[in-house]
Amino acid sequence: MKKLLGLSALVLVVFPAAAMAQANPSNTGNVAVNGRVAPVCILGGPNPALVDLGVMIAITGTRAGRIAVLPAQSVSLPASFCNFAGSQVTVTANALLAANAGAPPAGFARAVNYTATAAGWAAGNAATTTAATANGSSASSTGSGPSHPLPKLADIGVTLSSFSVPGDNLLVTGNYSGTVTVTLGPAAVAN
Amino acid sequence: MRKLLLIAAPLALLASPVLAQSSTGNVIVNGAVASRCLFTTNSKTITITELAQTGTGAGAGSLDAATVNGRNETLVGWCNSSASTMTVTATPLTNVASVATGFVNRVDYTATANANSVNATDTSVGALAAGTPANVGLFTGNVLVTLSAASTAAGLLVAGAYAGNVAVTLAPAI
């Protein structure tokens, strides 16, 4: 009886195996296609590229010779993007300094400070306010915004505002110039 | 002279029973070769080092189709049946990274497999499904897989690694 059971089992195993070999004879080859996109941030060209404040002092009145109320200035960086998560905007502003590098007399200044704010990227803005002294030293300052958690495509708006002079001194005559540098890149990693 | 003839007759009678006993047996030998296809080189990889347009021009960050189109690799296989078919299934290049407004993480393309001077194609656009089978017949040799018509939805490509696949299936007539 044991032998009979053994034979039956063998027959049952052999026939299905032969049937499977006939039923599925197709064969598949695979070509894996792998690609990569590098992380990159690109800022749109600033519009306008030059901000001209014109004459910055009051000509008449009690504030004659001192800084006038200057309206805020706006610059757009259209279609700026980062294609990865975790990017941030950093703004570095340099105070407007008189072209004449000589030390100003007492009561005068050769620097105009302002606040530069970059908006439209992360949940918070990137902002900084320059704090140059009357003679133009310490003209540079930097501020960063928070990290943005996703890739982003947006217009970044930069606003220059709150123009002021150290000590509200009289401004020396001449041409003044400053710069605002906007950097879009990976968020700084905390140590 | 007559006596001699009489002797010869019994000799003829003796030879006759030997001829009557000859016989032919036949063993019929039958064989079969199952219809079959097999890839002898069944795996290759196409690597695209940068899918997006570089630089700072108007298209920067979007797909550079030229990096995909024309890329090819060669598998090797055979089919032993004249009714064999070849089918291609193209899976898009995708990136697991999250997307945001203005971005995409999928690159579609068309894959063409050529064997025995017969093309079978499939596009990765839409749902994942095999292309139309092509009758590739009886052949042995290269199966050239070529990519073309790369595209994305409107948007910039998210950074990171992208992976796709072209499956070529050879099937004999059953």
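Computed from a predicted structure; not experimentally measured.

A. Quick peek at the overall build of chain B. If you tally the helices and strands in chain B, you get one helix and 11 strands. Along the chain direction, N to C, the helices and strands of chain B fall in the order α-β-β-β-β-β-β-β-β-β-β-β. Intrachain contacts of chain B at a sequence separation of at least 6 include 76% that bridge at least 24 residues.

B. Looking closely at the pairing of strand β6 (residues 106–115) of chain B. Residue and element names in this part refer to chain B. Within β6, seven of the 10 residues are buried, which leaves the element mostly enclosed by the surrounding structure. Pairing analysis gives two bridges linking strand β4 (residues 85–94) to β6, with the strands arranged antiparallel. Residue Thr-94 lies in a different strand from β6, and its bridge partner there is Arg-106. As paired elements, β6 and strand β9 (residues 139–151) share six bridges and run antiparallel to each other. Residue Asp-108 lies in a different strand from β9, and its bridge partner there is Ser-151. Relative to strand β7 (residues 118–123), β6 runs antiparallel, the two sharing six bridges.

C. Layout of the confidence of the model for chain B. Residue and element names in this part refer to chain B. For chain B, per-residue confidence averages 90 on the pLDDT scale, and 89% of positions sit at 70 or higher. Between residues 1–14, whose pLDDT stays under 50, and residues either more than four places distant or in other chains, the model counts zero contacts. ipTM for the predicted complex: 0.85, alongside a pTM of 0.81.

D. Region of the structure containing unusual backbone geometry. With an omega of 0 degrees, the peptide bond running from Asn-47 of chain A to Pro-48 of chain A counts as cis. Of note, Pro-48 of chain A is situated in the loop between β2 (41–42) and β3 (73–82). Although it is not a glycine, Ser-138 of chain A sits at a positive phi angle of roughly 55 degrees. Mapped onto the elements, Ser-138 of chain A comes out in the loop between β7 (126–129) and β8 (140–144). If you check the backbone angles, Asn-116 of chain B has positive phi at about 55 degrees while not being a glycine. Looking at the secondary structure, you find Asn-116 of chain B in the loop between β6 and β7. On the basis of neighbour counts, which here come to 18 C-beta atoms within 10 Å, the residue Asn-116 of chain B falls in the partly exposed class.

E. How the structure looks around the nonpolar core. With 74 residues, the main nonpolar core has Ala-111 and Val-182 of chain A together with Ala-113 of chain B as its most contacted residues. Among the elements that take part in this core, strand β4 (residues 87–98) of chain A stands out by supplying seven residues, more than any other. Ala-113 of chain B has contacts with Met-86, Val-88, Ala-120, Val-143, Val-145 and Val-168 of chain B, leaving out every residue within four places of it along the chain.

F. Broad picture of the interface of chain A and chain B. Tallying the contact residues gives 26 residues for chain A and 51 residues for chain B. Mapped onto the side of chain A that touches chain B, the elements with two or more residues apiece are β1 (27–37) and β9 (152–164) of chain A. As paired strands, β1 of chain A and strand β2 (residues 43–48) of chain B are joined by six bridges and run parallel to one another. Across the sheet, residue Asn-34 of chain A finds its bridge partner in β2 of chain B, namely Thr-47 of chain B.

The rules behind the values
Residues numbered from 1 in each chain as written. Chains lettered and ligands numbered in written order. Predicted model: local features only at pLDDT ≥ 70, side-chain atom pairs only at ≥ 80, totals over all residues. Helix = DSSP H or I, 4+ residues; strand = E, 2+ residues; numbered from the N terminus. Contact = placed C-beta atoms within 7 Å. Buried ≥ 20, exposed ≤ 12 C-beta atoms within 10 Å, placed from the backbone. Pairing = 2+ DSSP bridges. pLDDT = per-residue confidence, 0-100. Core = buried A, V, L, I, M, F, W, Y, C linked by C-beta atoms within 7 Å.

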